[in-house]
Amino acid sequence: MSPQRIALITGITGQDGSYLAELLLAQDYEVHGIVRRVAIEDPEHRLWRLRHLLPRIHLHAASLESFPSIFKVINTVQPDECYHLAAQSFVGYSFEDEFSTFQANINGTHHVLAALKECAPACRFYFAGSSEMFGKVASLPQDEQAPFHPRSAYGISKVAGFHLTQHYREAYGLQAWCGILYNHESPRRGLEFVTRKITFQAARIKLGLAHALPLGNLEARRDWGHAREYVEAMWRMLQQETPDDYVIATGETHTVREFAAAAFAHLDLDSRDYVTSDPAMVRPADVELLLGCAAKAERELGWRPRTMFRDLVVEMVEA
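Note that the structure is predicted; figures quoted are calculated from it, not measured. (Residues numbered from 1 in each chain as written. Predicted model: local features only at pLDDT ≥ 70, side-chain atom pairs only at ≥ 80, totals over all residues. Heavy atoms only, no water.)

**Topic: the overall build of the protein chain**
A tally of helices and strands in the protein chain yields 12 helices and 13 strands. Relative to a compact globule of 319 residues, whose C-alpha radius of gyration would be 20 Å, the protein chain shows 19 Å and is just as compact. In the protein chain, which comprises 319 residues, the proportion classed as buried is 54%. Long-range contacts, defined here as pairs at least 24 residues apart, represent 81% of the contacts in the protein chain between residues at least 6 apart. Per element, the accessible surface of the protein chain, about 14,100 Å² overall, is 51% carbon and sulfur. Of the side-chain charges in the protein chain, 32 are positive and 40 negative, and the distance between the mean point of each set is 1 Å. (Helix = DSSP H or I, 4+ residues; strand = E, 2+ residues; numbered from the N terminus. Rg over C-alpha atoms; globule rule 2.2 N^0.38 Å. Buried < 20%, exposed > 50% of the residue type's maximum accessible area, 1.4 Å probe, protein only. Contact = heavy atoms within 4.5 Å. Areas by Shrake-Rupley, 256 points an atom, 1.4 Å probe, with all protein chains shown as cover. Lys, Arg positive; Asp, Glu negative; His and termini not counted. Charge placed at Lys NZ, Arg CZ, Asp CG, Glu CD.)

Given below as structure tokens:
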């Protein structure tokens, strides 16, 4: 009988981290997660996505910005697989505070890679890339060969993380994969993200608790999938023999306006009566259109999306 595999997840308290922890536990992994100390001190608010899993997972207090703390956790856990999901991931906020975005996302990734190289060089590493790396797109759809032109501090930080991952793979032989994931949503999405903002506020309007929904750029187009399925793609990558990079997407694109229309229609409401575009909420440099091609992932990983756009919107509204 083979020994139980050990997985370490940074960002385990987030949407993706919680779904990934569920998946790995179902595959009989020993699951460890890195969290901020404040999360352990305030589990009711900060660990709500993990509440049902807490008896079955091991949490370690550390900060991505502190190399010694990351080094200590990795040296203690000795993971077989490390999923690096933690990041300052809200694009809008990255315009307000570029410094902390770079600090968390670039230095944090570097700290994890460097610690793995020293403490657990055989560990398989997953880096959470983003479609925001493509930014001002040069081709449609975008696959693994499309050039990067990020339009936010967040996108820039993810491009840097991507190249750091490739560097550790090529220079030090680390088994490191990069998933370039397009927008993926779920009822566990944070309220600062536009999809959750829409579905949450639509439900409140239906219940008479709110009367309007101001949004930014209603014509921005995104490729939206379900987070539960996207974390499965992460796991499938690390089961491959040879490290590589993969785009994970649905191959469909919809506007923010369409997302709002679908959410309100599910509640028998007309979004045009409630949704407005507030110029103050439009980003200084927006990404107009993202559309991914996941043909390589389907061919090599056997992965394809199952939840399509309207089903995703309905699930989030119902929640």
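**Structural notes on helix α10 (residues 256-266)**
Since one α-helical turn is 3.6 residues long, residues separated by three or four positions face the same way. Residues of α10 that are buried: Val256, Phe259, Ala260, Ala262, Ala263 and Phe264. Packed against the buried residues of α10 are α8 (194-206), β8 (213-215), β12 (254-255), β13 (275-277) and α12 (309-318). One or two residues past the end of α10 sits aspartate 268, with phi positive at roughly 60°.

**Brief notes about the sheet that holds strand β6 (residues 175-181)**
The strands that make up a sheet are held in pairs by hydrogen bonds between backbone atoms, and each pair lies either parallel or antiparallel. Taken in spatial order, the seven strands of this open sheet run β3-β2-β1-β4-β5-β6-β11, and their pairing is parallel. Bordering the open sheet on either side are β3 (58-61) and β11 (245-248), each of which pairs with just one other strand. Ignoring which end each strand starts from, the neighbouring axes of this sheet average 20° apart. When strand β2 (residues 30-35) meets β3, the two strands line up parallel, connected through four bridges. Bridge pairing in β3 places glycine 33 opposite leucine 59. (Pairing = 2+ DSSP bridges. Axes fitted to C-alpha atoms, helices over the stretch in contact; angles between N-to-C directions.)

**Quick notes on helix α9 (residues 227-238)**
For α9, with 12 residues, the first-to-last C-alpha span of 17 Å sits near the 16 Å given by 1.5 Å per residue. Taken across its 12 residues, α9 has 10 buried, putting it largely inside the fold. The complete set of buried residues in α9 reads Ala227, Glu229, Tyr230, Val231, Glu232, Ala233, Met234, Trp235, Met237 and Leu238. (Expected span 1.5 Å × (residues − 1).)

**Quick notes on the environment of alanine 160**
Position of alanine 160 among the secondary structure elements: in helix α7 (residues 153-172). Judged by its relative accessible area of 24%, alanine 160 is partly exposed. Alanine 160 sits 54 residues away from isoleucine 106 along the chain, and the two C-alpha atoms are 6.4 Å apart.

**Regarding unusual backbone geometry**
In the segment running from leucine 140 into proline 141, the intervening peptide bond is cis, with an omega of -15°. Take proline 141: it is sitting in the loop between β5 (124-130) and α7. Here the phi dihedral of aspartate 28 falls at roughly 65°; this positive angle occurs in a residue that is not glycine. Mapped onto the elements, aspartate 28 comes out in the loop between α1 (15-26) and β2. The phi dihedral of glutamine 78 falls on the positive side, at around 50°, and the residue is not glycine. Assignment of secondary structure puts glutamine 78 in the loop between α4 (67-77) and β4 (81-84).

**Here we look at the packing of α8 against α12**
Running from amino to carboxyl end, α8 crosses α12 at an angle of 55°, the nearest separation of the two axes being 8 Å. In terms of orientation, α8 lies oblique with respect to α12. Of the two elements, α8 crosses α12, and the hand of that crossing is right-handed. Contact residues: Thr195, Arg196, Thr199 and Ala203 in α8; Val313, Met316 and Val317 in α12. When grouped by side-chain class, the residues that make up the contact of α8 with α12 number four nonpolar, two polar and one charged. (Parallel < 35°, antiparallel > 145°, perpendicular 65-115°, else oblique. Left-handed = near helix turned anticlockwise from the far one by under 90°. Nonpolar A, V, L, I, M, F, W, Y, C, P; charged D, E, K, R; others polar.)

**Remarks on the pattern of salt bridges**
Using the criterion set out here, one finds 15 salt bridges in the structure. Linking glutamate 219 and arginine 257 is a salt bridge whose minimum nitrogen-to-oxygen distance equals 2.5 Å. Linking glutamate 219 in the loop between β8 and β9 (221-222) with arginine 257 in helix α10, this pair joins segments that are 38 residues apart in sequence. What makes glutamate 219 partly exposed here is its relative accessible area of 40%. Put simply, Glu232, Arg236 and Arg306 are held in one network by salt bridges that share partners. (Salt bridge = Lys/Arg side-chain N within 4 Å of Asp/Glu carboxyl O.)

**Considering the pairing of β2**
Burial within β2 is extensive, with five of its six residues counted as buried. Of the crossover connections in this fold, the one passing from strand β1 (residues 6-10) over α1 to the parallel β2 is right-handed. (Right-handed = clockwise from strand over helix to strand, strands pointing away.)

**A word on the state of the cysteines**
Think of a disulfide as a covalent bridge from one cysteine sulfur atom to another cysteine sulfur atom. Tallying each qualifying case throughout the model produces zero disulfides. Here cysteine 123 stays free of any disulfide, with the sulfur of cysteine 82 as its closest cysteine sulfur at 5.3 Å. Under the relative-accessibility criterion, cysteine 123 is labelled buried at 1%. (Disulfide = S-S within 2.5 Å.)

**Let's talk about the packing of aromatic side chains**
Taken as a whole, this structure holds 11 aromatic pairs when the rule is applied. Ring pairs connect the aromatic residues Phe134, Phe148, Phe162 and Tyr182, which therefore count as one cluster. Looking at lysine 117, its charged tip hangs above the ring of tyrosine 172, at a distance of 4.6 Å from the centre. (Phe/Tyr/Trp six-rings, centres within 6.5 Å; stacked < 30°, edge-to-face > 60°. Lys NZ or Arg CZ within 6 Å of the ring centre and 35° of its normal.)

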